[in-house]
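# Fold and geometry: a report
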Amino acid sequence: MSKEEFKLTKKLDHIAFIMDGNGRWAKKRLLPRHLGHKEGCKRVIEILRACDDLGIYCVSLYAFSTENWKRPQDEIDHLFNYLDDFFNDNIAELIERGIRVHLMGDINKLPKHTQDTIRKSMDLTEHLTKRVFNICLNYGGKDEIVRAAKKIASDVKNNKFDLDKIDESTFESYMMCSGLPPVDLMVRTSGEQRISNYMLWELAYAEMIFPHTPWPSFTKKELIKCLEIYEGRNRRFGGLKNE
């Protein structure tokens, strides 16, 4: 079977990416780091198209973490400019494909032009239901859980519901991921094997794959290689292996 003929047979509602290796890709080519991010943005629309064509409902991308503020300001500025360009250049295609833009993270610290771009993209796609593009911006898994816990504590304090009523479903309803399916597959490019504070709740039973390919070189062909590995996994969810 050719890569173009690949079809998913295993349930995969939500795939999450850690787009690692942009800087190393650029350094290897004697380019400034920010050009690695620029090239990486080109891969985003390619991967969204591929996931849409394969019938994957939700795609999450770790675009900027709560820890990424430690990077040089020049690199941060370029990254947000490229993010603006991505949405301005591709919002029409997202709408055509029925892809709703969903946000996880606190964008209030981002440059105003990027805040405006994200909010506009969300407004323009809020009515779409075919697919979800979940972008994680100024996001951290620990921060998401702490924010949810604070909201629950406030509602319990204000007698909105009893402490004994809190279960996993209730807790998740207070989180940024509320309404999204659990992550089935997490892919981190460039070979690093850690999750870096990414979607700690959502990754509870996700399969994980760590290809060595850096994100700027992560094409549809590379995605399908990961999906072929996923197809071979036996997802037991704490139970016994299927015979």
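One can find the structure itself at the top, above this paragraph.
Our subject in this report is the structure included herewith. All values reported here derive from a predicted model rather than from experimental measurement.

### Observations regarding empty space enclosed by the protein
Using the criterion set out here, one finds one cavity of 30 Å³ or more in the structure. Here the largest cavity defines a volume of roughly 40 Å³. Contributing to the lining of the largest cavity are L48, C51, D52, I56, Y57, V59, I99, R131 and V132. Breaking the lining of the largest cavity down by element, the ones donating at least two residues are α2 (33–53) and β4 (131–139). In terms of residues, the lining of the largest cavity owes the most to one element, α2, which gives three residues. Of the residues that constitute the lining of the largest cavity, the class distribution is seven nonpolar, no polar and two charged.

### Focus: the state of the cysteines
By definition, a disulfide links two cysteine residues through a covalent bond between their sulfur atoms. Under the criterion given, the structure shown has zero disulfides. Between C41, a free cysteine, and C136, which holds the nearest cysteine sulfur, the sulfur-to-sulfur gap is 15 Å. In this structure C136 is not part of a disulfide, and its nearest cysteine sulfur, from C58, lies 8.9 Å away.

### Details of the layout of surface pockets
Approximately 600 Å³ is the volume found for the largest pocket. Around the largest pocket, the lining is made up of 29 residues, and of these M19, Y62, A63, N68 and R71 lie nearest the centre. Of all the secondary-structure elements, those providing two or more residues to the lining of the largest pocket are α1 (22–28), α2, β2 (58–65), α3 (73–96) and β4. Grouping the constituent residues of the lining of the largest pocket by class yields 14 nonpolar, eight polar and seven charged.

### Topic: the packing of aromatic side chains
Counted by the stated rule, this structure contains 14 aromatic pairs. A centroid spacing of 4.8 Å and a plane angle of 75° characterise the contact between F64 and W69, whose relative ring orientation is edge-to-face. With relative accessibility at 1%, the residue F64 sits in the buried group. The class for W69 is partly exposed, based on a relative accessible area of 30%. Note on F171 and W201: the rings are 5.2 Å apart at their centroids and 15° apart in plane angle, and the pair reads as stacked. Taken together, the residues F171 in helix α6 (residues 168–173) and W201 in the loop between β5 (185–188) and β6 (207–209) connect sequence positions 30 residues apart. An aromatic cluster of three or more residues is present, and its members are F17, W215 and F218.

### Description of the environment of T219
Tracing the chain through its elements places T219 in the loop between β6 and α7 (220–231). Along the primary structure T219 and L203 are separated by 16 residues, whereas in three dimensions their C-alpha atoms are 23 Å apart. Here T219 is in contact with R43, E46 and I47, once residues within four sequence places are set aside.

### Topic: unusual backbone geometry
Negative phi is the rule for most residues except glycine; trans is the rule for most peptide bonds. Phi at L30 takes a positive value of approximately 60°, unusual for a residue other than glycine. Looking at where L30 falls in the secondary structure, it is placed in the loop between α1 and α2. On the basis of relative accessible area, L30 is assigned to the exposed category, the value being 79%. For N138, which is not glycine, the phi torsion reads 45° and is therefore positive.

### Digging into the environment of A149
Its location among the elements puts A149 in helix α5 (residues 141–157). Along the chain, A149 and R97 lie 52 residues apart, while their C-alpha atoms are 35 Å from each other.

### Side note on the nonpolar core
Judged by nonpolar contacts, the single largest core of 44 residues is most densely connected at I15, F17, F133, L137 and L223. When residues of this core are traced back to their parent elements, those giving at least two are β1 (14–18), α2, β2, α3, β3 (99–104), β4, β5 and α7. For this core, the element with the highest residue contribution is α3, accounting for eight residues. Residues in contact with L137, not counting those within four places in the same chain, are A63, F64, L83, L103, M104, G105, D106, I107, L110 and I118. M104, A148, F171 and A206 belong to the second-largest nonpolar core, a separate cluster that totals 22 residues.

Definitions and cut-offs
Residues numbered from 1 in each chain as written. Predicted model: local features only at pLDDT ≥ 70, side-chain atom pairs only at ≥ 80, totals over all residues. Heavy atoms only, no water. 1 Å grid on protein atoms, 1.4 Å probe; cavity = no way out; pocket = protein on both sides within 12 Å on 5 of 7 lines; lining within 4 Å. Points joined across faces, edges and corners; volume = space filled by probe spheres on them. Helix = DSSP H or I, 4+ residues; strand = E, 2+ residues; numbered from the N terminus. Nonpolar A, V, L, I, M, F, W, Y, C, P; charged D, E, K, R; others polar. Disulfide = S-S within 2.5 Å. Phe/Tyr/Trp six-rings, centres within 6.5 Å; stacked < 30°, edge-to-face > 60°. Buried < 20%, exposed > 50% of the residue type's maximum accessible area, 1.4 Å probe, protein only. Contact = heavy atoms within 4.5 Å. Core = buried A, V, L, I, M, F, W, Y, C linked by side-chain atoms within 4.5 Å.

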